[in-house]
Amino acid sequence: GLHMLELAVPDLHLGKLSHGAETMGANYDHKIAIDLYKKAIDALLQRTAAFRMDRIVIPFGNDLLHSDSKAGTTTAGTPLDNDSRYTKVFMEALHLLEWAVARARHFGPKIDLVAVPGNHDTLATFHLGAALEMCYKKTPAVTVHNQPTMRKYIEHGRVMLMFTHGNKGKLQNYPLLMATEQPEMFGRTRYREAHTGDKHQIKVQELYGVRVRISPALCPPDAWHYEHHFVCNQRAAEGFVWSPSDGLVSLAVYTVPEEE
């Protein structure tokens, strides 16, 4: 059967401001973020191009937007360092996802856009999803998964994926959550994973054959993260190639070059 490519690029934090001199790391703003996202998507598509793809899954949200309010705070109201206005960043995010869909359609005929609300962008993710539904309502090849739920599921042959940001609940409980929320899908499948972001690091734990996977972030630390010692993680994005019969068959990685 034909493969499915998943482009795991969580935690872009579009609109985040990092001053390298303050954080002993890299500078970051929305222009740098957009450039990095495009480089990551292009690299992951190129590095998996040997496979014949039937579907390309593009999760969005997952703290794609740094702030979720006019005041420049997270959804819960935590103040942030922002480099731009909310409305401007929102439109940049929408255009960026349209760009990603157009790019991905050169590599696979069907696109799944999966809304994953983050703790920074819970509302913005839903609004992006609603806008994307309008964008692609006359494009049968593009499916937008924008139910108002914090967890989304994708099934591809014997593969089951749960998408959620990873900031709520205990990660070790995710496999049981998958089995009880989607018992029929769980029963039909053999290769089951829960995919999260939030922690800005790579981590995989396997619990009774179900993998709970944290994917890394492209953004550098801001002042708050620097002060709390959340520094020096490798900035990266991942591409997973799924066979409907054999599960995960390839993993591509894009790592941000040191000078950026």
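Heads up: the structure comes first, above all this text.
Cut-offs used in this document
Residues numbered from 1 in each chain as written. Predicted model: local features only at pLDDT ≥ 70, side-chain atom pairs only at ≥ 80, totals over all residues. Heavy atoms only, no water. Salt bridge = Lys/Arg side-chain N within 4 Å of Asp/Glu carboxyl O. Buried < 20%, exposed > 50% of the residue type's maximum accessible area, 1.4 Å probe, protein only. Helix = DSSP H or I, 4+ residues; strand = E, 2+ residues; numbered from the N terminus. Polar contact = N/O pair within 3.5 Å; in protein donor to acceptor, adjacent residues only side chain to side chain. Contact = heavy atoms within 4.5 Å. Pairing = 2+ DSSP bridges. Axes fitted to C-alpha atoms, helices over the stretch in contact; angles between N-to-C directions.

Visitor: Even after reading the chapter, I still don't get the pattern of salt bridges, so can you show me in this structure?
Guide: Note on pairing: side chains with opposite charge can pair once their charged atoms come close. Applying the stated rule across the entire model yields ten salt bridges. Put simply, Lys199 and Asp198 hold a salt bridge, and the shortest N to O gap is 3.1 Å. Here Arg211 makes a salt bridge to Glu206, at a shortest N to O gap of 3.5 Å. Here Arg211 falls in the partly exposed class, since its relative accessible area comes to 31%. One salt-bridge network, held together by shared partners, links Glu193, Glu206, Arg211 and Arg213.

Visitor: Please explain the side chain of His120 as it appears in this structure.
Guide: Along the polypeptide, His120 turns up in the loop between strand S3 (110–116) and helix H4 (122–135). Reaching out from His120, the side chain makes a polar contact with the backbone oxygen of His66 at a distance of 2.7 Å. Beyond its immediate sequence surroundings of up to four residues, His120 is in contact with His13, Asp63, Leu65, His66, Ser67, Asp68, Thr74, Thr75 and Leu80.

Visitor: Can you walk me through the pairing of strand S1 (residues 3–8) in this structure?
Guide: Moving residue by residue along a regular strand, the side chains alternate between the two faces of the sheet. A large share of S1 lies buried, amounting to six of its six residues. Alternating residues of S1 divide into His3, Leu5 and Leu7 and Met4, Glu6 and Ala8, and every residue in both groups is buried. Alignment of S1 against strand S2 (residues 53–61), held across four bridges, turns out to be parallel. Paired with His3 across the bridge in S2 is Met53. Pairing of S1 with strand S10 (residues 236–243), which is carried by five bridges, proceeds in the antiparallel orientation. From the neighbouring strand, Ala8 faces S10, where its bridge partner is Glu238.

Visitor: What's the story with the sheet that holds strand S7 (residues 191–196) in this structure? I'm lost.
Guide: The strands making up a sheet associate through hydrogen bonds between their backbones, and the pairing can be parallel or antiparallel. Read across the open sheet, the five strands follow the order S5-S6-S7-S9-S8; overall the sheet is mixed. In this open sheet, the two strands that pair with only one neighbour each are strand S5 (152–156) and strand S8 (203–207). Taking each pair of neighbouring strands and ignoring which way they run, the sheet shows an average axis angle of 20°.

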